[in-house]
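# Geometric and topological summary
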Amino acid sequence: MSFYSRMLPITLIWLMVGLPLLFSVAAKDATEAVDAREVIRKMDLLMRGDSSFGSYRMTITDPDWERTLTLNAWELRTGKKTFIQILSPAKEAGIVTLKIDFEMWNYLPRVERIVKIPPSMMLQPWMGSDFTNDDLVKASSIVADYSHEILAEETISGHDAYKVELIPNPDAPVVWGRIFAWVRKSDSMPLRQEFFAEDGELIRVLRFDNIREVRGREVPTYWEMIPVGEKGRQTVMEVLDLEIDAEIDESIFTLRNLKLNN
Amino acid sequence: MDCLRTENLCKVYQSNGLEVAALHGVDLRVERGEFVSIVGPSGSGKTTLLNLIGGLDMPTSGTVYVDDLDITAMSERQRSDLRLARIGFVFQEFNLIPVLSARENVEYVMLLQGMGQAEASKQACATLALVGLQGLEERRPNQLSGGQQQRVAVARAIATGPSIVLADEPTANLDSETGQKLVQVMRQLNDDLGITFVFSTHDPMVIDSARRVIRMRDGRLLGQQ
Amino acid sequence: MQLFSRIAWRNVMRNRRRTLITLAAISSGLAAIILFFGLSNGFHDQWITNSVRVYTGHIVIFAEEYRDERNLNRKIENSDDLIIWLDGMPGVETATPRIHINGLVSTARNSAMALVRGINPARETRIAGLRERIVEGSYLDSDNARQILIGHKMADRLNAALGEKIVLMVQAADGSIGAELFRLQGIFRLGAVDLDGSLAIIGLKDAQELAALGGGVTEAVLIMDSPADVSAAAAALINEFDRAGYEVLTWDQLMPQAKEMIALSNVFTYILLVIILAVVSLGILNTMLMSIMERTREFGIMRALGTRPAQIVRLVLLEAVYLGVIGTALGMTAGILLVTLLAWEGIDLSRWSGAMDLVSSLKPIIYPALRPASVGIASLAAFATTLIAAIYPALRAARLRPVDAIRSL
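Just so it is clear, the model here is predicted, and its values are computed rather than measured.

On to the overall build of chain C. A count of helical and extended segments in chain C gives 16 helices and 12 strands. Relative to its full complement of 409 residues, chain C shows a buried share of 55%. For chain C, contacts bridging at least 24 residues in sequence account for 78% of all contacts bridging at least 6.

This is how it looks when you write it as structure tokens:
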């Protein structure tokens, strides 16, 4: 037998077995990539919509003090507009944060002045909490500015969840090196997020709990942000009320309204 | 005892890759108290011979004995010490250290030998008087005539009582009268103090004063009178 | 030895012109080095003094853990008593309380992040002459007049005008948002780019209200009469406050880059010293070699007479010693004189003070400073150089063979 005629059967077997294997793996990867991004997109949409109005209670805990603020928040998707008004306590009552696109202002009733928050302050705490100004401004999109990959399937707080790894794209305006997001398999409900700095250090953990129905939607109503390096500090946001796709007057989201509203 | 003895002294120089023989087997014997002149044309090897005798240079072969000491077997350091102790030199010119006075020049060798300043000074002045330079002790070399400088050199050479004084053409740069005077001084010292002198020259006047004349030509001793 | 000293000295005096030139080389090289050391030291002194005064002060006292956590709740209570006590400490020029908070300074059109400093106006100006540093407007009237001073760079950036109402927003000690209106009272120029661009100064009581600090302050700052007193005073304070819950730090601990910059600067000065001396030594080497060559016969004669090579070496080195001693003495005198003269008036650098802003001088005038150590090191180096330069010529002279030396004409 010649060399080639001996090789042929073996080659054929390899082709018949190997190729399909390759394809299926590739296909699996492809479907998984689409899945991960889609999963995150679904999660992102859960709490938003074209517009929303919500009432919240924010409790900030510090080794030396604890404070609770109540606030109302309006959001409009087109134009990326957010209007947050503090209702209590008295010292902060009437403070408003307005965000349009990537710009942010505060209105301080105490001094009757509008103050613009410069880009250099974006990573500073918002209202003394463990959320940053940037968290509100959302200069980055959790969907568009990251690449996503499902790392594993785990059980978190009794829910079956995907563990998704988000790596920021090279040019993205993102300060994190990496984010882990656990989302419920069934409906992409956010369960937990871990934020890592570029050097790999875990900076903060955001935990979602108390998933219940609010005005016909299932949402987590308890958000707990814990900065890992700072002992004794945490911020808890409780959703008191949330209406998605409500009718919202665009004129709310103006600087004029900041002052008038008081 | 011989003051000086050489045996089959040879010196060969390397010059531009060529070998030049300056001395061919020189056998010489000088007794204490002699007054010897070595005579010959330039190139005859007079200076080479004197350098070897004085321990300033080493022969290619052969031996030199000064006071029965084999200086050719000595190290550089030992020869240097020997020169200091036993040999006086008078060169053709530039004998003296310019920054020192006549007295200080004469003192130099004595101080090197370890003599005290006061004693050296006294001795120096006395020796300068011997060569007829009293009153000129504090003069610097550039304040002395050629003949006077040479006399200072002689004074220095004898001041420490050396076994032998070697003079290489001491009168060559002097006019005949001064040269004569210088040799007379040396002769006087030889007569009075019995100091052994060996000097090289080609000056006929000088030759006459010598008691013993050794002729040299082409590195060989010719005859002795 | 005395013989050779005599010969060496006379050899040195032999060729007056050559000796003078060599002396000139040594002494001018040394004088230049001393002058440069003086300028350098003076500059460092000035820089430390001014920098330190503008930024941190000589010694700063914090409450324990304030620096670790930057937490306003780690504050010094009862600062009044502390300040009065500090006043009484020997060697203290001024003691003053300060409050530092990060905040946002806003005008109608612009905002900027700022370091807000609450001061006791009367005491504060004694530290860095703040009152004299106001280039527009005037100083704070009191510590609770709701007035604010900002740097000229910040004023430019904010486009702020005197008398304008400015909002200061901070996160207060109790976590709440503190916001108050202040009237722009004055604009200062400290000469430090970062401070002029981000420091906002208000009264101490205003700061306490703004940040809900009650009666507390974040730090107490000390200026000593002389920088030399700092370490001793700091040690004494650390001892005193061991149990009191205070942390005591000195300027070089707070601004380590300052000391490092000075150390680096000294390195450059030493490099310069080496270069100058290398050039001088080449000159000396050349001169001495010439002198040795001219004396070949003389050395030959000396060797013929029985002088040992080591004695020849000693002779030449002795000549170098004489040159070295005289040259160094002249150079030291000239150098010290120069520095003293210049230190009288000082050197005015105001023409170049634009660049000086970077290094934060209050007055762009440098007073060259004489330091015994610097002068000593430089002089020793110059003397050593002279000797070292003579080594090769000395060895050359000693190695001459008598026969060759005498033969050469």
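Now for the overall build of chain A. Helix and strand content of chain A: three helices and 13 strands. Contacts in chain A between residues at least 24 apart in sequence constitute 44% of all its contacts with a sequence separation of at least 6.

A few words now on the packing of aromatic side chains. Each aromatic ring pair is characterised by the separation of its centres together with the angle its planes make. Per the counting criterion, the structure on display carries 16 aromatic pairs over all chains. Centre to centre, the rings of phenylalanine 89 of chain B and phenylalanine 91 of chain B are 5.5 Å apart; their planes meet at 5 degrees, and the pair counts as stacked. Judged by relative accessible area, which is 4%, phenylalanine 89 of chain B ranks as buried. Here phenylalanine 91 of chain B falls in the buried class, since its relative accessible area comes to 7%. Ring geometry for tryptophan 85 of chain C and phenylalanine 241 of chain C: centres 5.8 Å apart, planes at 50 degrees, overall tilted. Pair noted here: tryptophan 85 of chain C is in helix α4 (residues 79–87) and phenylalanine 241 of chain C is in the loop between α9 (230–240) and β10 (246–250), with a separation of 156 residues, a long-range link. Residue phenylalanine 241 of chain C is classed as buried on the basis of its relative accessible area of 8%. Within the aromatic cluster, the residues linked to one another by ring pairs are Phe53, Trp74 and Phe83 of chain A.

Between chain C and chain A, the contact holds 23 residues from the first and 22 residues from the second. Here chain C and chain A share an interface that buries about 1,800 Å² over both sides, 59% of which is from carbon and sulfur atoms. Ranking the residues of chain C by area buried against chain A places Met113, Met169 and Ile177 of chain C at the top, with a combined share of 27%. Seen at the junction of chain C and chain A, the total is two salt bridges. The shortest N-O distance in the salt bridge between arginine 74 of chain C and aspartate 64 of chain A comes to 3.6 Å. Connecting chain C to chain A are nine residue pairs in polar contact (both at pLDDT 80 or more). Mapped by element, the contributors of at least two residues to the side of chain C that touches chain A are β2 (92–106), β3 (111–119), β6 (165–171) and β7 (177–188) of chain C. In terms of residue count, the dominant contributor to the side of chain C that touches chain A is β7 of chain C (five residues). Each residue belonging to the side of chain C that touches chain A can be placed in one class, and the counts come to 10 nonpolar, nine polar and four charged.

This part covers empty space enclosed by the protein. In total, this model carries four cavities of 30 Å³ or more according to the counting rule given. When its volume is computed, the largest cavity comes out at roughly 70 Å³. Around the largest cavity, the lining residues are Arg53, Val54, Arg98, Arg117, Glu124, Ala128, Leu130, Leu190, Leu199 and Ile201 of chain C. Taken as a whole, the second largest cavity spans an internal volume of roughly 50 Å³. Along the walls of the second largest cavity sit Arg83, Leu84, Ile87, Gly88, Phe89, Val109, Arg156, Ala157, Thr160 and Pro162 of chain B together with Leu305 of chain C, which together make up its complete lining. Counting only elements with at least two residues in the lining of the second largest cavity, the list comes to α2 (76–86), β6 (87–90) and α5 (146–159) of chain B. For the lining of the second largest cavity, the element with the most residues is β6 of chain B, which contributes three residues. For the lining of the second largest cavity, the class distribution of residues is seven nonpolar, two polar and two charged.

We now examine unusual backbone geometry. At the junction of serine 88 of chain A and proline 89 of chain A, the peptide bond is cis and its omega measures out at 5 degrees in the coordinates. You can see proline 89 of chain A is positioned in the loop between β3 (81–88) and β4 (96–100). With a phi close to 65 degrees, aspartate 68 of chain B is a non-glycine residue in the positive phi region. Among the secondary structure elements, aspartate 68 of chain B is positioned in the loop between β4 (61–66) and β5 (69–70). Backbone geometry places asparagine 159 of chain C, a non-glycine residue, at a positive phi of 55 degrees. Tracing the sequence through the fold places asparagine 159 of chain C in the loop between α6 (152–158) and β6.

To continue, consider the environment of alanine 246 of chain A. Relative to the helices and strands, alanine 246 of chain A resides in the loop between β13 (234–244) and α3 (255–260). Spatially, the C-alpha atoms of alanine 246 of chain A and glycine 49 of chain A are 9.2 Å apart, while their sequence positions differ by 197 residues.

The next subject is the pairing of strand β9 (residues 219–224) of chain C. Residues and elements named next belong to chain C. Across the six residues of β9, six count as buried, placing the element largely inside the fold. Going residue by residue along β9, you find Glu219, Val221 and Ile223 tucked away on one face and Ala220, Leu222 and Met224 tucked away on the opposite face as well. Pairing analysis gives six bridges linking β2 to β9, with the strands arranged antiparallel. Of the residues in β9, the one forming a bridge with arginine 98 is glutamate 219.

Turning our eyes to something else, we now look at the interface of chain C and chain B. On the chain B side, the residues contacting the 25 residues of chain C number 29 residues. Of the roughly 2,400 Å² buried where chain C meets chain B, counting both sides, 58% is carbon and sulfur surface. Looking at the side of chain C facing chain B, the largest losses of area belong to Arg10, Leu305 and Arg308 of chain C, adding up to 26% of the total buried there. Our enumeration of links across chain C and chain B arrives at four salt bridges. Joining chain C to chain B, the criterion identifies nine residue pairs in polar contact (both at pLDDT 80 or more). The set of elements that each furnish at least two residues to the side of chain C that touches chain B consists of α1 (2–14), α12 (296–305) and α16 (402–407) of chain C. Counting residues per element, the side of chain C that touches chain B draws most heavily on α1 of chain C, which supplies eight residues. Considered class by class, the residues forming the side of chain C that touches chain B number 11 nonpolar, five polar and nine charged.

What counts and how
Within each chain, residue numbers correspond to sequence positions counted from 1 in written order. All chains are assigned letters beginning at A, and all ligands numbers beginning at 1, according to the order in which they are written. For a predicted model such as this one, the threshold for reporting local features is a pLDDT of at least 70, and the threshold for listing and counting side-chain atom pairs is 80 or more; totals across whole chains, interfaces and linings nevertheless cover every residue. In computing side-chain values, all of the structure's heavy atoms are included and hydrogens and water are not. Under the DSSP-based scheme used, a helix requires at least four consecutive residues in state H or I and a strand at least two consecutive residues in state E, with every element numbered from the N terminus. Here the term buried applies to any residue with accessible area under 20% of the maximum for its type, exposed to any over 50%, and partly exposed to those in between, with areas from a 1.4 Å probe on protein chains only. By definition, residues are in contact when any of their heavy atoms lie within 4.5 Å. Ring geometry is summarised as follows: Phe, Tyr and Trp rings, the Trp one being its six-membered ring, pair when their centres sit within 6.5 Å, and such pairs are stacked at plane angles under 30 degrees, edge-to-face over 60 and tilted between the two. In short, buried area is how much 1.4 Å probe accessible area vanishes from two parts on joining, totalled over both. When a carboxyl oxygen of Asp or Glu is within 4 Å of a side-chain nitrogen of Lys or Arg, the pair counts as a salt bridge. N or O atoms closer than or at 3.5 Å make up a polar contact, with two conditions inside protein: a donor-capable atom paired with an acceptor-capable one, and, for residues adjacent in sequence, both atoms drawn from side chains. Amino acids are sorted into nonpolar (Ala, Val, Leu, Ile, Met, Phe, Trp, Tyr, Cys and Pro), charged (Asp, Glu, Lys and Arg) and polar (every other residue, Gly among them). Any residue with an atom within 4 Å of a point lines the site, the site being either a cavity, points on a 1 Å grid over the protein atoms alone where a 1.4 Å probe fits but cannot get out, or a pocket, an open set with protein on both sides within 12 Å along at least 5 of 7 lines. Grid points are joined across faces, edges and corners, and a volume is the space filled by probe spheres set on the points. For two strands to count as paired, DSSP must find a minimum of two bridges between them.

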